[in-house]
Every structure is written in structure tokens, then in C-alpha cells.
Amino acid sequence: MEKDGSSTRIPLCFLLLLLLSQLVSAAVEDGLLNNGDFETAPAGGFASAAVGEAATSIPGWTINGTVELITSGQHQGAMILIVPQGEHAARLGNDAEIAQSVELERGSEYAVTFSAARTCAQLEALTVSMNDASQSVDLQTLYSIEGWDAYAWAFKAAAEEGRLAFKNPGMEDDPTCGPIIDNIAIKKLFTPDRPEDNQVANGDFEEGPWMFPNATLGVLLPTNLDETTSSVPGWTVEDNRAVRYVDADHFAVPQGKRAIELLSGKEGIISQMVETTPERQYNLTFMLGSAGDSCQSPMAVTAFAGDQTQNFHYSPTGNATHQLANLTFTAHAIRTRVAFYSVYYNTRSVDRSSLCGPVIDDVRVGEVSGSNGPRGGVSGPAHILLALLVTIALVFA
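Conventions adopted
- Numbering of residues starts from 1 in each chain and follows the order in which that chain's sequence is written.
- Totals for whole chains, interfaces and linings use all residues, but because this is a predicted model, local features are given only for residues with pLDDT of at least 70 and pairs of side-chain atoms are given and counted only at 80 or more.
- Computation of side-chain values covers all heavy atoms of the structure but excludes hydrogens and water.
- By definition, a salt bridge exists where a carboxyl oxygen of Asp or Glu is found within 4 Å of a side-chain nitrogen of Lys or Arg.
- Where helices and strands are cited, they refer to DSSP runs of H or I of at least four residues and of E of at least two residues respectively, numbered from the N terminus.
- The rule is simple: take the accessible area with a 1.4 Å probe, protein chains only, and divide by the maximum for that residue type; under 20% is buried, over 50% is exposed, in between is partly exposed.
- In this description, strands pair whenever DSSP reports at least two bridges between them.
- Axis definition: a line fitted to C-alpha atoms, limited for helices to the stretch in contact. Angles are taken between N-to-C directions and run from 0 to 180 degrees.

Here we come to the pattern of salt bridges. On inspection of all chains with the given rule, the structure shows 12 salt bridges. With a closest N to O distance of 3.9 Å, Arg-364 and Asp-197 form a salt bridge. One end of the pair, Arg-364, is in strand 27 (residues 358-367); the other, Asp-197, is in the loop between strand 14 (180-189) and strand 15 (219-221), with 167 residues separating them in the sequence. Residue class for Arg-364 comes out partly exposed when judged on its relative accessible area of 31%. A relative accessible area of 55% places Asp-197 in the exposed class. Here Arg-348 and Asp-351 are joined by a salt bridge, their closest N and O atoms 2.7 Å apart. Judged by its relative accessible area of 24%, Arg-348 is partly exposed. Among the ionic contacts, a cluster of salt bridges with common partners joins Asp-197, Asp-362 and Arg-364.

If you want it as C-alpha cells, here you go:
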């Protein structure tokens with residue numbers, strides 16, 4: 001019996017579609033990058049610590065300049081080099097760079113999480129980049145007594161393949177100085193849908209960068225004034241210091257699994273622009289709490305909403321670890337800035353060195369009941385005209 005040729009073509013088409021779907025889904029998965037912890041031994045083993053410009057010197061990575069694989073407990077003179085996690089990390093010498101190619105989804109946003117420590121130079125910095133997007137991370141401020149911190153940086157994929165690079169921009173007199181990097185991971189970001197009764201996007205901070213299950217220091221969010229690309233979608237970090245992204249596995253979180261710990265007083269501000277209707281009243285509410293990391297009192301937050309400012313002191317009652325704060329304001333534009341920073345410069349009582357501060361969570365902006373009509377006696381046709389003008393402004397904002 002002669003077989004129908006179409007019966008063989010259908011499985012072939014199916015296999016082709018399956019192959020294409022595999023290629024499309026080949027974008028990098030959330031989590032640790034290929035040898036992102038530098039625990040995979042080079043061809044010659046870890047004994048040959050110092051490596052030069054050789055594409056295969058460190059598995060999974062290409063390097064430019066002098067890069068050294070260091071081992072936990074390794075000495076440099078009287079100094080013990082810091083390895084953030086595991087047994088090995090990479091140190092970048094003067095003007096040295098380490099890079100890896102990753103598959104991406106064009107147009108999607110990603111956050112890169114990495115651990116970094118400085119060695120002997122006070123003003124060490126690290127430049128992280130993805131193709132044409134880049135940011136310099138200042139390592140001068142040490143937020144933890146552990147000697148290292150975890151950071152997050154976000155970018156929008158402009159192509160389906162990207163080159164993630166870390167570079168030491170410094171040129172020190174001592175070429176053995178240079179930042180140490182470890183635990184490099186990536187996560188695709190999604191902007192959560194905004195609730196109907198809340199003008200704040202990602203107000204519960206549940207969407208954010210990759211966090212390692214065994215990392216107890218949280219993730220620092222350095223200054224990032226690009227509100228459209230943030231490692232915590234919807235939010236920007238202002239001024240010259242970081243805020244900390246914390247998780248419920250290692251910190252006290254008022255709600256859900258994630259929150260923001262405010263560090264460095266007025267130098268660490270987190271903010272968001274929210275849509276509002278001019279001359280209407282709104283309530284800005286948020287949960288204020290302690291991270292449970294032995295942060296010394298007093299703790300307080302300064303909250304901003306448009307031209308309104310108020311300090312809220314953390315003073316829980318009973319066994320509570322958080323409290324509700326509320327600020328009422330009148331909007332004067334179609335977009336209103338809400339922002340928060342810590343009033344004080346707090347440190348942990350257990351070491352008096354690690355920076356800490358109050359935690360904020362569940363940020364909401366909602367219209368006050370009964371303020372639906374514009375003020376100033378505007379009604380009828382004028383009311384309709386004003387609503388139309390506001391709608392047009394929102395479209396073209």
C-alpha cells in the first residue's frame with residue numbers, strides 16, 4: 001500500500017517547529033551565569049592563579065588585561081583577600097575586563113546581580129556593561145562588615161545576543177590592586193500590573209533582581225536615574241548612595257517576600273513618578289518596619305508626595321515589627337513624585353559598622369474618597385473639558 005506523502009511531511013513540520021521553539025527559548029535562564037561563581041577550574045587548575053589575555057583562561061569567560069583567580073584565605077602581604085561566596089573569585093587588574101556572551105530576548109529588561117569587594121585602593125570602582133549600556137558602581141562605601149556587597153544593575157536588551165562585561169577602570173600605582181567579583185547572575189524582569197486602586201507600580205517590591213538563597217546581605221541598588229530601566233521595576237534610586245533590596249528569608253519583611261531597606265540617610269533615596277489628576281487629594285500609605293538585622297534606634301523615614309513632606313518614626317507597639325504610615329497630599333500635576341529616605345544614618349548594634357535602616361513595603365497611592373470633583377467650583381462643561389485635557393496630557397506625557 002502506497003503511503004500518503006503528506007503523512008511524512010506533518011511530523012517533519014512538527015519537528016521544525018519544535019526546533020525553532022527551542023532556539024527561541026535559548027535565551028539565558030534566570031540564575032547563575034556560566035561559571036558565574038568562578039568555581040570551574042581552568043585547564044591548568046586553580047594552582048595557576050594569575051592569568052593573562054587568553055580566551056580560555058577562565059571557563060565561560062573571555063578576558064582582556066590581567067585577571068587573577070583568587071582563593072579564599074589567600075594573602076597579599078598582610079591583607080587577606082575577600083572571596084564573597086565559595087572558594088574562588090576573580091580579581092581585575094589595572095584596566096582589565098572580563099566578559100561573557102549571553103542570549104537575550106530583544107526588548108526585554110534584565111537585572112544582573114553580582115558580588116564585589118575592593119582590595120587596597122580606596123577609590124576602586126567597577127564598570128558593568130551590556131553592549132552599549134553601562135553603569136559605574138562605586139566600591140568606596142562598604143555597607144557590610146563582611147568586606148563585600150551584592151549589587152544589581154538593569155538594562156534593556158537591544159539585541160538577541162549581548163556581551164556582559166565587568167571592567168576595572170582604575171590605573172593604580174600598585175598593579176596588584178583591583179576589585180574582586182563573584183556570584184554573577186541574571187534575571188529577566190517583568191513590570192507587574194498596577195492594581196486598580198493603587199497608582200504605584202510594583203509598590204510591594206515583589207519584582208526585582210535575582211537573589212541567591214544563601215545570600216544573607218540582600219542586594220544593593222546603586223544610583224540609577226533611568227526610571228524606565230530599573231532592577232526593581234517602577235522605582236529609581238537617587239543621590240549617590242544605594243538602598244538595599246531584602247528578602248523574607250533573611251530579613252523581617254512587612255508583607256510578601258521582598259522589601260526595601262533605606263540606608264545612608266538622605267544620600268539614599270528611592271522614588272517613583274505616579275499618575276495623578278491635578279487638584280485632587282490622594283493618600284500615600286506604606287508599611288514602615290525594622291529589617292530584623294539588629295539596626296540601632298532611632299529609625300525614621302522621610303516621605304515625599306508632591307510638595308508634601310513628613311517624617312515617620314518607627315515606634316511599633318507590642319510584638320509588631322511594622323506599622324502603617326499615611327501622608328495626604330493634593331496633586332498639582334498629571335505626574336507626582338513619591339520618594340523615601342532614612343532620616344538617620346543607622347548601623348547595626350552587633351558591629352556598629354554595617355549600614356542599615358528602616359524598611360518600607362506595600363507603597364500605595366489612592367484618591368481620597370469624596371475628592372472626585374476638581375476644586376474651585378469647576379462643574380458641568382468646564383469639568384468635562386478639564387477631564388478631556390488631563391486625558392490628552394496623559395496620552396502625550
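This brings us to the sheet that holds strand 21 (residues 300-305). Read across the sheet, 5 strands follow the order 16-19-24-21-22 without closing on themselves; strand pairing throughout is antiparallel. What marks the edges here is a single partner per strand, and that holds for strand 16 (236-238) and strand 22 (308-313). Taking each pair of neighbouring strands and ignoring which way they run, the sheet shows an average axis angle of 25 degrees. Sheet topology note: the strand 21/strand 24 (residues 335-342) ladder contains 5 bridges and is antiparallel. Bridging from a neighbouring strand, Thr-302 pairs with Tyr-341 of strand 24.

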